[in-house]
Amino acid sequence: MIEFLVNALNVKTMTMLLAAIAAGATVLTFAMPLIAGDSLGNRMKSVALEREKLRQRERERLARGEKVNLRQSPKQYMQTIVNNFNLTKWVGQEEARLKLVQAGYRGQAPYVTYLFFRMVTPALAVLFAALYLFVLLDFDQPPMVKVGMCIAAAYLGMQLPLQFLKSKIQRRQLSIKRAFPDALDLLLICVESGMSIEAAFKKVSEEIGSQSIALAEELTLTTAELSYLQDRRTAYENLAKRTDLDGVKSVCMALQQAERYGTPLAQSLRVMAQENRDMRMTEAEKKAASLPPKLTVPMILFFLPVLFVVILGPAAIKVMGIQ
C-alpha cells in the first residue's frame, strides 16, 4: 500500500493535483461575489422586517393597555447589587457614562452592567487564582508570594471591563475615522445644494450607514439634538464628546463658529473635508512607512531559513552522496 502511494505521488501527479487546486481556488475566488449575493440588501430587508415586527408588537401592547418602555431596563439582581454596595461612588459616574457612550452603549442598563462587572470580575479572579495556586498547583513559593499574586489577579480582574470598553471604543472610533471624510463630502454637497444643517445631517446619516453604522448613529442622534435642543452648539459639543476624535472635534468647532459668527458654512466644511482627507492619507502613509521594520523579524525567522535550505540543500545532498 505504501509503495503504491509512493509510486502514485510522483512529480507529474503532484503537479497536476496542485494545478487543479489552484484552478479551483481561482474559479471560487471569481465566483464568490456571485455566490455571496447582495449582503447589504439582505441586511436592509431583515432590518425592515424586524422593524415591522417591533411596530406590530408595540401596537398590540398599546391595544392591551400595557405601559410601553422604550429604554432597556437593567437586570434586577445587577441593580440590587449595585445599589446595596453603592458602586456609583467608587467608580466615577460621569467618566464611566462617557466611556459607555463612546463605546456605543446608552441608557441605564449598560451603566449598571458595567458597574456590576467591575465588582464581580475581581472577586472571580481572586477565587480562581487562589484555587489554582493553593489547591491545584504545587507552587513551591512562600504564602506571601501567593497572596501577592492573588492581589495582582484581582487588579487585572478590575481592569478587565475597562479594557474591554476601551477596545470597543477604539473599534468604534476607527470605523468613524475611516468614513468621516466621505461623510464631510456628502455634508458639503447637501449644504451647497441649499439644505439646512439638520436636513443635511439626516441625509448623510442615511447614506453613510453602508460604510460606518457607528457614524450613522452619531449623526442621527445629532440630528435629533439639533431639532430639539434650545442651544444648537450643545448638539455639536455632544457629538465631539461622543466620538472623541480630533477630526470630528475640529468640524464641530467650525460649525459652532459658523453658528455664532455667521461665517459661510460651506467654505468651512470644504476646508475641514480637505483637512480630514489629508489626515487619512497621512495616516495611510505612516502605516505604509512602518511596514518594512515590522516585516524584518518575520523575514529573519521564516523566510531566510527556508531560503538557505533551498540554496544549500542540493549541495549538502551531493556532499552526503559523495561520502
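Look up a bit, the structure's there.
Throughout what follows, the structure given in this document is the object of discussion.

What counts and how
Residues numbered from 1 in each chain as written. Predicted model: local features only at pLDDT ≥ 70, side-chain atom pairs only at ≥ 80, totals over all residues. Heavy atoms only, no water. Salt bridge = Lys/Arg side-chain N within 4 Å of Asp/Glu carboxyl O. Helix = DSSP H or I, 4+ residues; strand = E, 2+ residues; numbered from the N terminus. Buried < 20%, exposed > 50% of the residue type's maximum accessible area, 1.4 Å probe, protein only. Expected span 1.5 Å × (residues − 1). Polar contact = N/O pair within 3.5 Å; in protein donor to acceptor, adjacent residues only side chain to side chain.

Below, the discussion takes up the pattern of salt bridges. All told, the structure shown has 14 salt bridges when counted by the stated rule. Between glutamate 218 and arginine 106 there is a salt bridge, and its shortest N-O distance comes to 2.7 Å. With glutamate 218 in helix H10 (residues 213-228) and arginine 106 in the loop between helix H6 (93-102) and helix H7 (108-136), this pair connects stretches of sequence that are 112 residues apart. Taking the shortest distance from any N to any O, the salt bridge between lysine 249 and aspartate 244 comes out at 3.1 Å. Residue classification places lysine 249 among the partly exposed positions, given a relative accessible area of 36%. Given a relative accessible area of 35%, aspartate 244 falls into the partly exposed group. Salt bridges linked by common partners bring Arg106, Arg172, Glu217, Glu218, Glu225 and Arg242 together as one network.

Below, the discussion takes up H10. The first and last C-alpha atoms of H10 sit 23 Å apart over 16 residues, in line with the 22 Å expected at 1.5 Å per residue. Among the residues of H10, Ala214, Leu215, Ala216, Glu218, Leu219, Thr222, Thr223, Glu225 and Leu226 are the ones counted as buried. If you check the start of H10, you find a side-chain oxygen 3.2 Å away from the backbone N of leucine 215, and it comes from serine 212.

This part takes up the environment of glutamate 275. Looking at the secondary structure, you find glutamate 275 in helix H13 (residues 265-289). Distance in space between the C-alpha atoms of glutamate 275 and glycine 247 is 8.3 Å, their sequence separation being 28 residues.

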